[in-house]
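# Report on the structure
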Amino acid sequence: MKPHLLVFILSLLQYVCFAQKNELSIDNKPLEDVIGEIESFYGVKFSFVDELLTDKVITIQSTSKGNVKSFLEDLQYQTQLRFELVDPQYVIIRSFNDNDVINICGRILDANKKPIEGVLVLPAGSKKGAITDENGNFSLEGVAYNSRVSYQHIGYNGRNIKTERFLQKGCLRVTMLESFQILSEFVVKEYLTTGFAKKDKNMQIYPKELKILPGLIEPDILQSIQQSPGINSPFETASGIHVRGGSPDQNLVLWNGIKTYNQGHFFGMLSAFNPYISHDVSFIKNGTNPKYGDRVASVIDIRTSNEVPEKATGGAGFNMIYGDAFIELPVIEDKLSVQLSGRRSYTDLIQTPTFNQLSDRVFQNTKISSEETTDDSQQDKKFFFNDFTTNIVFKTNKNSRLTFNSLYTQNKLDFSSRLQDQSQQFNDVLNTANEGYNLNWALIGNDHFNMDADLYFARYILSYEFRNIEQDTIEISTKQNLIKDLGANLNASYRFNDRHTVLGGYQYSNNFIQYAFATNASVGNDLLYELNLDQNRSTINTHSFYGQYQFSSKVGTTLQAGARVNHYQDLNETFFEPRFYVEQSISDIFKLNATAEYRSQTASQIKESVVSDLSLENQVWTLASNDRFPVIDSYQFTTGGTLEFDDWIIDGEAYIKRINGITTLTFGFLNPIPIDSSYLTGNSNVFGTDLFVKKHFNNYKSWIAYSYIKTENQFFGLNNDDPFPGNWNIEHTIKWSHFYTYKQFQFSLGWVWHTGKAFTNVVEEESSGGPVSITFDGINQNKLPVYHRMDLSAVYDFEINHNPRIKYRIGLSILNLYNRRNLLNREFRTTPSLENELIDTKIYSLNITPNLVFRVFF
């Protein structure tokens, strides 16, 4: 028995020794007490400062020596320290720093613990994010440790979480709460592309997330909106947006609650809003919330972030037109932040091929294009634009927030020409500037009640001066347009429960608009004459009240019913504006909706021909009055549906619209047709349909948008009181776009086709040795040739030295890829002289135009 007992004891000792070498078990012990045991088990050596391990307690159950990396990650989770494996036997223990990155994963749930699909997860300062799957899961590699991760989804309150919270065993669970301002409405999360969504009747754009669109290498806000159906820009400009038969001045464009009266740079070719500081944009063309007033066509509401970031972020870049930079700085942690941005063109210093092509498009049919430097004369042209913004966020306490915003945009052109002998000189100086300020206080952190109040001031200036200097005689013609808009808003909403919400508020505005046209001549210090050709000064004080009830049922019905009351004090007129929206879910993939609305506006633009030496910015703002310009009002009815299934989206709408109070000055009829100098009032009737179809194939997606619109104008005293096609009527439009991603590359290709714009043709011209006499065809009974154009864009995102905190982007775009020469507009007029001549003015499209971009984000 003794030999057998000896064998058993030896076997037991051998088993125990084997187990000790191949299994490590540590239960809630200080790390500094077991560091030696860990070194012995894994055969590694740790280097550290003793103080780092103080109060660090760990629990380890390991049955394998092979996966050292996984073991060290587990230690990181438990200790919040960095375990850096510099070689197979040497590990450095240290604190995390700004250059460290970690891998993160998580699961997003709602308040009922149900997974949320389609949440955008985006690390701060990064262009590379993730979208949660149907189980709410996501994962990202190489995320900067000392940063924050944002979570965004339409219908839910956004969240920002410190990256260090992901240092835990397993994936982090994150809860997102439904936004109480929004009921459970139908959302198309990726309408055109990532960052471009549709929530029932509204388009939602998130510029920082926006993938590239055809011809765009910068996320231009206004040009991005034009990709959707029902939108036209007859002159290929960014700011010249015509929405369902409306004109650009009928679009309410807000920047952080500030009304803007000039939204374009380079005479409308570029948007005046820096997209890299814009957090979200709402575009509404029907079913307008009653809190929006003062325009009858659409709403473009641009907002910057109102959150205090954890750390500084920013970026800078340049293309072949301008350079820009922006930065967002936390001044006091979780309390105060400042965001600044600036952009300026360098077109007055360097004239690139891109600038030359845009110039040819903008300045055609003006003296700038017709006058060239010769042996007898020379000319000089200087043009630049800039914009600057400020955004200050101050959280006074956990329940309130104060924000201050400012915006300034400017465009300036200085053109001069002179004879070589200096006997005669001409000089044109055109300057436009838009500035605004907003101070907002908001009540936050309450799940049921929300309120905010703000004060704003906006100012717009258009100044043009033409000088003709001939020897001692100086002739000066001027055009001035000034707007001062001061207002205050009070908004509140209350959510009774998940089904019922009410909102309402009061708004006040004091709008002053002045325009003046004058000319004078002098010899030396002696004034020869001075004439005021036309001028007007007017003010309107507006008091507005609005309210809306929102209801969402368990059977998929969403109802929004509200109204707005505008009292125009100086006109002694009151407008009651009902607004209505209803949506019904037929199934999980199919929804039907309908809207009805009535709206009014008092500010509009008129086309002037008094001072037209330069023929640029020839529209001025004016206000409605009891004796001249009526209040413009409009009603619109729409019905449509959305079908979303198996990576398909099919969305369609039909609408009818009527606009009252338009004038021949508003639509610029004085030159194209032979009527007297008086203006006429009338109305516009619009009928149209929009259809959008999209299919997603893995890394490739394609969509096509079709629009049909029929616009008829009727002016009493013109065309025998019979209606005729609208000036900007483009009946059929097709936009076909493609998007493809490959690794860090993005490619987009788009083709636009539409029928020609309506115009009035000349059918007979007579001179008989005297002044020219012309006979016009029927008003707008002719159409320009068919328009079509293809645009291309591509970008590449990359890092240098695998540093995830600094991102780089290079890109290329080509507008009008096959260089199609499209005719955009045609007008006829005669010269204002006894020996007049017929002038056939044609405006052609942009030629093939390349552009390059380089950007850095940090």
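Residues numbered from 1 in each chain as written. Predicted model: local features only at pLDDT ≥ 70, side-chain atom pairs only at ≥ 80, totals over all residues. Heavy atoms only, no water.

### Some details on the pairing of strand E15 (residues 202-205)
Both faces of E15 are covered, namely the face carrying Asn 202 and Gln 204 and the face carrying Met 203 and Ile 205. Where strand E14 (residues 196-199) lies against E15, four bridges are found, and the strand directions are antiparallel. Bridge pairing in E15 links Lys 198 to Met 203. In textbook terms, the turn of a hairpin is the stretch between consecutive antiparallel strands, and for E14 and E15 this stretch comprises two residues, one of which, Asp 200, has a positive phi near 40°. Where E15 and strand E22 (residues 278-284) come together, four bridges link them in antiparallel fashion. Of the residues in E22, the one forming a bridge with Gln 204 is Ser 282. (Buried < 20%, exposed > 50% of the residue type's maximum accessible area, 1.4 Å probe, protein only. Helix = DSSP H or I, 4+ residues; strand = E, 2+ residues; numbered from the N terminus. Pairing = 2+ DSSP bridges.)

### Quick notes on the sheet that holds strand E12 (residues 172-175)
Ordered in space as E9-E6-E12, the three strands form an open sheet in which the pairing is mixed. Edge positions in the open sheet fall to strand E9 (137-144) and E12, since each of these has one partner strand only. Put simply, the sheet's adjacent strands are angled 35° from each other on average, direction ignored. Two elements, strand E6 (residues 101-109) and E12, share four bridges in a ladder whose sense is parallel. What sits directly across from Leu 109, in E12, is Thr 175. (Axes fitted to C-alpha atoms, helices over the stretch in contact; angles between N-to-C directions.)

### Looking at the pattern of salt bridges
Applying the stated criterion to the full structure yields 32 salt bridges. Among the salt bridges present, the one from Arg 303 reaches Asp 301, with a minimum N-O distance of 3.4 Å. The exposure class assigned to Asp 301 is buried, which follows from its relative accessible area of 5%. Note that Glu 577 and Arg 579 form a salt bridge whose closest N and O atoms lie 2.7 Å from each other. For the pair Glu 577 and Arg 579, a shared accessibility class is recorded, and that class is buried. (Salt bridge = Lys/Arg side-chain N within 4 Å of Asp/Glu carboxyl O.)

### Let's talk about the side chain of Thr 194
Looking at where Thr 194 falls in the secondary structure, it is placed in the loop between strand E13 (187-188) and E14. Of the polar contacts made by the side chain of Thr 194, one reaches the side chain of Glu 190; its length is 3.1 Å. Not counting residues up to four positions away in its chain, the partners in contact with Thr 194 are Glu 209, Leu 210, Lys 211 and Lys 701. (Polar contact = N/O pair within 3.5 Å; in protein donor to acceptor, adjacent residues only side chain to side chain. Contact = heavy atoms within 4.5 Å.)

### Points about helix H5 (residues 353-363)
Where burial is concerned, most of H5 is hidden: eight out of the eleven residues are buried. A positive backbone phi angle near 65° is found at Asn 365, which sits one or two residues after H5.

### Regarding the confidence of the model for the protein
For the protein, mean pLDDT is 87; residues scoring 70 or higher make up 90% of the total. Low pLDDT, under 50, characterises residues 180-184; the predicted model gives this stretch 22 contacts beyond four residues in sequence or across chains. (pLDDT = per-residue confidence, 0-100.)

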